[in-house]
Amino acid sequence: MEKAMYQSYGIGYEEYNRKLENRIEVEKEREKDHHKSMQILSQYSRQIHT
């Protein structure tokens, strides 16, 4: 989990827990990633059903 956190967001889990600012930034990035994934999924779903 530590390695994945560092690769994805550039900080380790300990640092993520230590500072509120870091947690906020990581959660914003996660939300962006989630929305992007949902858009991609929606596009593929439309292509499959047409």
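These numbers come from a predicted model, not from an experiment.

## What to know about the confidence of the model for the chain
With 98% of its residues at a pLDDT of at least 70, the chain reaches an overall mean of 92. Considering each helix and strand of the chain separately, the mean pLDDT is smallest for helix H1 (residues 2-9), with a value of 89, and largest for helix H3 (residues 20-49), with 94.

## Digging into the packing of aromatic side chains
Two aromatic rings are characterised by how far apart their centres lie and by the angle between their planes. In the structure shown here, the tally under the stated rule is 1 aromatic pair. Ring centres of Tyr 13 and Tyr 16 lie 5.8 Å apart, and the angle between their planes is 25°; this geometry places the pair in the stacked category. Residue Tyr 13 and its partner Tyr 16 are both found in helix H2 (residues 13-18); the two are separated by 3 residues, about one turn of the helix. The exposure class assigned to Tyr 16 is buried, which follows from its relative accessible area of 11%.

## Thoughts on the pattern of salt bridges
Summed over all chains, the structure comprises 3 salt bridges. For Glu 14, the salt bridge identified is with Arg 18, shortest N-O distance 3.5 Å. A residue pair is termed a helical-turn pair when its members lie 3 or 4 positions apart in one helix, as Glu 14 and Arg 18 do in helix H2 at 4 residues. For Glu 14, a relative accessible area of 57% gives the class exposed. Note that Glu 27 and Arg 30 form a salt bridge whose closest N and O atoms lie 3.0 Å from each other.

Rules and cut-offs
- Along each chain, numbering runs from 1 in the same order as the chain's sequence is written.
- Local features in a predicted model are, by the rule used here, given only for residues with pLDDT of at least 70; side-chain atom pairs are given and counted only at 80 or more, and totals for whole chains, interfaces and linings are based on all residues.
- To get the side-chain values, all heavy atoms of the structure are used, and hydrogens and water are removed first.
- Note: pLDDT gives the predictor's confidence per residue, expressed from 0 to 100.
- By the criteria applied, helices consist of DSSP H or I runs no shorter than four residues and strands consist of E runs no shorter than two, each listed in order from the N terminus.
- Note on aromatic pairs: the rings of Phe, Tyr and Trp (six-membered ring only in Trp) are paired at centre separations within 6.5 Å, and the planes decide the class, stacked below 30 degrees, edge-to-face beyond 60, tilted for the rest.
- Categorising residues by exposure relies on relative accessible area from a 1.4 Å probe, with only protein chains included: less than 20% of the type maximum marks a residue as buried, more than 50% marks it as exposed, and the intermediate range marks it as partly exposed.
- The term salt bridge refers to a side-chain nitrogen of Lys or Arg lying within 4 Å of a carboxyl oxygen of Asp or Glu.

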